[in-house]
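# Fold and geometry: a report
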Amino acid sequence: MKIRILNVLLIATGLLTLVACNSEKQQIIENKTDNYDSLNIYFGDIHNHCNLTYGHGDMREAFEAAKQQLDFVSVTPHAAWPDIPGRDDSRLSWVIDYHTSAFERLRKTGWQEYVRMTNEYNREGEFLTFLSYEYHSMKYGDHVALNYRLDAPLLEANSVPALMKKLKKEKAFVTPHHMGYQEGFRGYAWKYFNPEKTPFVEIYSRHGLAEEDLGDYTNLHDMGPRNFEGTMLYGLNQGHKFGVIGSTDQHAGYPGSYGDGLIAVIAPANTRDAIWEAMEKRHVYCVTGDKIKLDFRINEAIMGDEIKGNKRKISVKVEGQNFIDYMDIIKNGKRLVRVDGPFSNEKIDKDVVRAKIKVEFGWNRFDEPVHWQGNLSLSEGTIHQVTPCFRGAAFTAPQKDKIGKTDLHGTLVNRILEQSDKKVVLDMYTTKNPNTLTPATQAVILDVTMPKNAKLTADFNGKKFEYTMEQLLNGTYSNFMIGWLSEAIQFHRAAPEQAYTIEYEMTDNEVEKDTDYYYVRVRQRDNNWAFSSAIWVDKE
């Protein structure tokens, strides 16, 4: 699924003033960004786990799940923990046992099968697969080694720096993750940052968000609370240069699981060389769930670049998947500007409306999975795109009561079976939400153009529900399939174009440091986020 980078349409003549496009200034911007006009956005997950080592879900089903909603993937085995603690601590014995036994299993037969299957699923230009493996470390923090080669070996090392040294001549990245934990307890220590092998860091996953020590998605895993010194902002303020990504770190064999984090890569094509080169150049950004499309530029640069200039023309264009709450431009750790989205839908005079509508399936109170079979259709209008929001089980670590046991249901892979400009056929599975803060629902987002009186119909498991575009512009509707406490379908409020897009430009002429950094953060009303990699601007 490639999404073309969108040209900026608006110009700001001052720091906070937004005015209509001036053709002369627009031409200047286009001339400076010609090299980037043919770029696309590709979404992937390069850090997730299945039962290949310690996790749940079959590896083949993990690849099948990834194919349904990602452009590229790496299913990640756990490989080593050189400084594993607690060998004499009875509290930790089961933890140590499942780690060390998995490392042995990977080396005996697992790595060969992993390489074979990763190669089997790789399709150049369509669906890319990469080899990776994870090294734990109390001292250095946990890292994933991502390999360019599809025949890369599993390397042995007694520390993360030693692994980087062995990979020095290899095309490989070594990326820290769940960075916000305490240093010395698998959190990240920026003093060990190696820009040669680490062009980007993972700031969001099921573990939480490490943009800073405040804000959404705090760490709730038993590995501990969030700490400032491992965060993205701490690293930027130390002068380090790196891109930012999300990954699921999912342990249920469901790469790309919705809401758990993705990497977005800005590249000309979904080929191994193009994706790798873009990652190496830090042309990446992080999304927490929805595939928010983000185009952030300063003068001739895109996110991840370094440039010189005292006059900085900053342009941002966002296409969300839901109502945008706000967009922030951050400069040197402080907010330079905030642009708010609409709080609710204003009256739309047009009879035909372009909008995005999320339809969500799930709920109920029983453990047995619900199998959803059916379709969504329009009475009039066009479905331009269908974006799947499919998720796996909410596992951030192996479940003690499930280790060594066969999952009765296996991995339930959700699929879009057919799609046309009027109809999409779905095959999905949901279970009850494990608690009131953790969803187990499935969903799709329809990008549609419809007359206000046209109807969107959900026809699933023998039941039909339908609403007009006008009704959905006014609010959200829910329908139980059987009755109270049964499974349900939710039609989310339709978000028209003006609600899910932001176009903004400004000029910043204030040089604060020898090198100023800027990045963009976008929040949707449904608490989905996007975080750009920074652009660094040296003074002239």
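Details of the structure are given in the entry above.
The structure reproduced in this document is the subject of the present report.

What counts, and at which threshold
Residues take numbers from 1 onward in each chain, read along the sequence in its written order. Two thresholds apply to this predicted model, a pLDDT of at least 70 for residue-level local features and 80 or more for giving and counting side-chain atom pairs, whereas whole-chain, interface and lining totals are computed over all residues. Side-chain measures here rest on the full set of heavy atoms in the structure, leaving out hydrogens and waters. Note on classification: 1.4 Å probe, protein chains only; a residue is buried when its accessible area is under 20% of the maximum for its type, exposed when over 50%, partly exposed between these limits. Helical segments are the DSSP runs of H or I of at least four residues, strand segments are the runs of E of at least two, and each set is numbered from the N terminus. Any two strands with at least two DSSP bridges between them are considered paired. Residue contacts are defined here by distance: any two heavy atoms, one from each residue, within 4.5 Å place the two residues in contact. Nine residue types can take part in a nonpolar core, namely buried Ala, Val, Leu, Ile, Met, Phe, Trp, Tyr and Cys, and a core is a set of them joined through side-chain atoms within 4.5 Å. What counts as a salt bridge is simple: a side-chain nitrogen of Lys or Arg found within 4 Å of a carboxyl oxygen of Asp or Glu. Note on aromatic pairs: the rings of Phe, Tyr and Trp (six-membered ring only in Trp) are paired at centre separations within 6.5 Å, and the planes decide the class, stacked below 30 degrees, edge-to-face beyond 60, tilted for the rest. What a helix is expected to span follows from its residue count: subtract one and scale by 1.5 Å. Two axes define the bend at a residue: one fitted to the seven residues ending there, one fitted to the seven starting there, and the bend is the angle between them. Definition of a polar contact: a pair of N or O atoms within 3.5 Å, with one able to donate and the other able to accept a hydrogen when the atoms are protein atoms, and with sequence-neighbouring residues admitted only if both atoms are side-chain atoms. Note on method: axes are straight lines fitted to C-alpha atoms, helices fitted across the in-contact stretch only, with angles between N-to-C directions ranging 0 to 180 degrees. Our angle categories are set so that under 35 degrees counts as roughly parallel, over 145 as roughly antiparallel, 65 to 115 as roughly perpendicular, and the remainder as oblique. The handedness criterion is simple: a crossing whose near helix is rotated anticlockwise from the far helix by less than a right angle is left-handed, and one whose near helix is rotated clockwise is right-handed. Side-chain classes are defined by residue name, with Ala, Val, Leu, Ile, Met, Phe, Trp, Tyr, Cys and Pro counting as nonpolar, Asp, Glu, Lys and Arg as charged, and the others, Gly among them, as polar.

Of all nine residues in strand E21 (residues 370–378), seven are buried; the element is thus mostly enclosed. Relative to strand E24 (residues 423–430), E21 runs antiparallel, the two being bridged by eight bridges. Residue pairing for E24: Asn 375 is matched across the bridge by Val 425. Where E21 lies against strand E26 (residues 455–460), five bridges are found, and the strand directions are antiparallel. Note on E26: the bridge partner recorded for Ser 377 is Thr 457.

Relative to the helices and strands, Arg 335 resides in strand E19 (residues 334–340). On the accessibility criterion, Arg 335 (51% relative accessible area) is exposed. For the pair Arg 335 and Glu 360, spaced 25 residues apart in the sequence, the C-alpha separation amounts to 34 Å. Excluding residues that lie within four positions of it along the chain, Arg 335 makes contacts with Asp 328, Ile 329 and Ile 330.

The subject of this paragraph is the pairing of strand E20 (residues 352–363). By the criterion of burial, E20 is predominantly enclosed, with nine of the twelve residues buried. Examined bridge by bridge, E20 and strand E25 (residues 442–451) share ten bridges and lie antiparallel to one another. Across the sheet, Val 353 pairs through a bridge with Met 450, a residue of E25. Of the pairings in the sheet, the one linking E20 to strand E30 (residues 495–496) comprises two bridges and is antiparallel in character. Paired with Ala 355 across the bridge in E30 is Pro 496. In this sheet, strand E29 (residues 487–491) lies alongside E20 in antiparallel orientation, the contact comprising five bridges. Note on E29: the bridge partner recorded for Glu 360 is Gln 490.

Take the sheet that holds strand E10 (residues 208–209) next. One open sheet accounts for three strands, arranged E10-E9-E11; its pairing is mixed. Pairing within the sheet leaves two strands with one partner each, and these edge strands are E10 and strand E11 (243–246). Looking at chain direction, strand E9 (residues 200–205) and E11 are connected through four bridges and run parallel. By the bridge assignment for E11, Val 201 is matched with Val 244.

Turning to the nonpolar core, a few remarks are in order. By size, the foremost hydrophobic cluster in this structure holds 66 residues, and its most contacted members are Tyr 133, Tyr 285, Phe 296, Val 316, Val 318, Met 327 and Ile 329. The element best represented in this core is helix H3 (residues 93–121), accounting for six residues. One finds Phe 361, Val 370, Leu 376 and Ala 494 within the second-largest nonpolar core, a separate group that totals 36 residues.

Here we take up the environment of Asn 51. If you trace the backbone, Asn 51 turns up in the loop between strand E2 (40–45) and helix H2 (59–67). Along the backbone, Asn 51 and Ile 298 are 247 residues apart, and their C-alpha atoms lie at a distance of 44 Å. With near-sequence residues (within four places) excluded, Asn 51 lies in contact with His 56, Gly 57, Asp 58, Met 59 and Arg 105.

A few words now on the pattern of salt bridges. In total, this model carries 29 salt bridges according to the counting rule given. Each of Arg 60, Glu 113, Arg 116 and Glu 120 takes part in salt bridges that share partners, so that together they form one network.

Going through the model one piece at a time under the given rule, you end up with 25 aromatic pairs. Measuring from centroid to centroid gives 4.4 Å for Tyr 467 and Tyr 477, while their planes differ by 25°, and the two rings are stacked. Here Tyr 467 is found in strand E27 (residues 463–468), whereas its partner Tyr 477 is found in strand E28 (residues 477–480), with ten residues between them in sequence. You can call Tyr 467 buried: its relative accessible area is 11%. Tyr 477 gets classed as partly exposed once you look at its relative accessible area, which sits at 27%. Aromatic ring contacts, followed pair by pair, group Phe 72, Phe 130, Tyr 148, Phe 173, Phe 200 and Trp 276 into a single cluster.

Another point: H3. Its 29 residues place the ends of H3 only 37 Å apart at the C-alpha level, less than the 42 Å of an ideal helix rising 1.5 Å per residue. When the local axis directions of H3 are compared, the greatest deviation, roughly 60°, occurs at Gly 110.

Moving on, we get to the side chain of Asn 40. Within the secondary structure layout, Asn 40 lies in strand E2. Judged by its relative accessible area of 6%, Asn 40 is buried. In this structure the side chain of Asn 40 is engaged in a polar contact, spanning 3.1 Å, whose partner is the side chain of Tyr 42.

A separate point is the sheet that holds strand E14 (residues 293–298). The antiparallel open sheet is built from four strands, whose spatial order is E15-E14-E17-E31. The sheet is open, and its two edges are formed by strand E15 (301–302) and strand E31 (501–508), each paired on a single side. With eight bridges connecting them, strand E17 (residues 312–319) and E31 associate as antiparallel partners. Opposite Ser 315, over in E31, you have Glu 505 as the bridge partner.

The next point concerns the packing of H2 against H3. The interhelical angle for the contact between H2 and H3, taken along N-to-C directions, is 25°, at an axis separation of 11 Å. When the axis of H2 is compared with that of H3, the two are roughly parallel. In terms of crossing hand, the pair formed by H2 and H3 is right-handed. Where H2 abuts H3, its residues Met 59, Arg 60, Phe 63, Glu 64 and Lys 67 lie against Glu 113, Tyr 114, Arg 116, Met 117, Thr 118, Glu 120 and Tyr 121. Across the contact of H2 with H3, the residue classes tally to five nonpolar, one polar and six charged.

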